[in-house]
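The primary structure of each chain is shown beneath.
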Amino acid sequence: MSTSHAGVHHPVHTRLVLVRHGQTDHNRDGRLQGQVDIPLNAMGRKQAARAAASIAQNPPDLIVASPLDRAHETARIIGAACGVAVTTDAAFLERSFGAWEGLRGEEIRGRWPQEHAAWRAHRPVPGLDIEERLAVGERVAAAARSLIAENIGGTVMVVAHGAAITLGISALLGEDPETFRGLGGLENCHRSVLEPLVSDPTGQAMRLLSHNLPPDFTGAS
């Protein structure tokens, strides 16, 4: 899609900005969170405030958050600075880690050594209700594509979680979330920016413009 002025055609840029929530006590203590509903701690709220101040210089048109409190509160802090209301969508929930949620790595290794070894080797771990990487990537990517299709020419911001975002980006780039390991995980309150490929007639292909931008990054997003 394009707009024109004096006979010159310019592409309409739609942006997707994916933001990881601020720090929680589980993050600080090295515990696997998954879908356990843990709030931000004091550091997490400071991180969210720094991100909000920088994002407000070029605010999004829409903010959608995971309904988990740590993401929703981060989004509300950003939304208040930008004057943008926040809605929630369960499609952006963190990956479920089943029986491992709330535990440290050493606890998981001690109780499930074979399963932990398989997980670290990126193999499926059946029987513990751990959500498959492909399922997470597909649900996040599908929801993101719907938001983009509904907001052509705008900037859509999604505030979610580390694994959900990384797997969602993999799927949006056309990679297999089960096998693709080319993306580093986002740190707390860091963000990544994508846009649709204008040349793609299907409207499905995306490109990654920036990855893991810090909370106080002030460039165009």
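Residues numbered from 1 in each chain as written. Predicted model: local features only at pLDDT ≥ 70, side-chain atom pairs only at ≥ 80, totals over all residues. Heavy atoms only, no water.

1. Here we look at the layout of surface pockets
Condition: Cavity and pocket criteria rest on a 1 Å grid covering protein atoms alone: a 1.4 Å probe that fits but cannot get out defines a cavity, protein on both sides within 12 Å along at least 5 of 7 lines defines an open pocket, and an atom within 4 Å of a point defines a lining residue. Grid points are joined across faces, edges and corners, and a volume is the space filled by probe spheres set on the points. Comment: elements are numbered from the N terminus, with helices defined as DSSP H or I runs of at least four residues and strands as E runs of at least two. We call Asp, Glu, Lys and Arg charged. Ala, Val, Leu, Ile, Met, Phe, Trp, Tyr, Cys and Pro are nonpolar, and the rest, Gly among them, are polar.
Volume-wise, the largest pocket comes out at about 960 Å³. Around the largest pocket, the lining is made up of 42 residues, and of these L32, R95, F97, W119 and A163 lie nearest the centre. When contributions to the lining of the largest pocket are tallied by element, the ones reaching two or more residues are α1 (25-29), α4 (105-111), α5 (113-120) and α7 (162-172). Residue classes in the lining of the largest pocket are distributed as 13 nonpolar, 16 polar and 13 charged.

2. Section: the nonpolar core
Soluble, globular proteins show a tendency: their nonpolar side chains are buried together. The condition that has to hold: Residues belong to one nonpolar core when they are buried, are Ala, Val, Leu, Ile, Met, Phe, Trp, Tyr or Cys, and are joined through side-chain atoms within 4.5 Å. To sort residues, take the accessible area from a 1.4 Å probe on protein chains only and compare it with the maximum for the residue type: under 20% means buried, over 50% means exposed, and anything in between is partly exposed. Throughout, a contact is declared for two residues whenever any of their heavy atoms are within 4.5 Å.
Judged by nonpolar contacts, the single largest core of 25 residues is most densely connected at L16, L18, F92, V158, L172 and L194. Of all elements in the fold, only β3 (15-20), α6 (133-150), β6 (155-160) and α7 reach the threshold of two or more residues within this core. For this core, the leading source of residues is α6, giving 7 residues. Once residues within four sequence positions are removed from consideration, L16 is found in contact with A144, I148, V156, V158, L172, S192, V193, L194 and M206. Counting 18 residues, the second largest nonpolar core, distinct from the first, contains V17, V19, V84 and C189.

3. Examining the sheet that holds strand β4 (residues 62-65)
Applicable threshold: By this definition, two strands are paired if DSSP reports at least two bridges between them. The angle between two axes is taken between their N-to-C directions and runs from 0 to 180 degrees, where each axis is a line fitted to C-alpha atoms and a helix contributes only its stretch in contact.
Overall, mixed pairing links the 6 strands, which are arranged β5-β4-β6-β3-β7-β8 in an open sheet. The open sheet has two edge strands, β5 (86-88) and β8 (206-213), and neither has a second partner. Strand-to-strand twist across the sheet, computed as the mean angle between neighbouring axes with direction ignored, equals 20°. Relative to β6, β4 is paired through 4 bridges, and the arrangement is parallel. Note on β6: the bridge partner recorded for A65 is V159. The sheet contacts of α7 involve β3, β6, β7 (191-196) and β8, and relative to β3 the element is tilted by about 155°.

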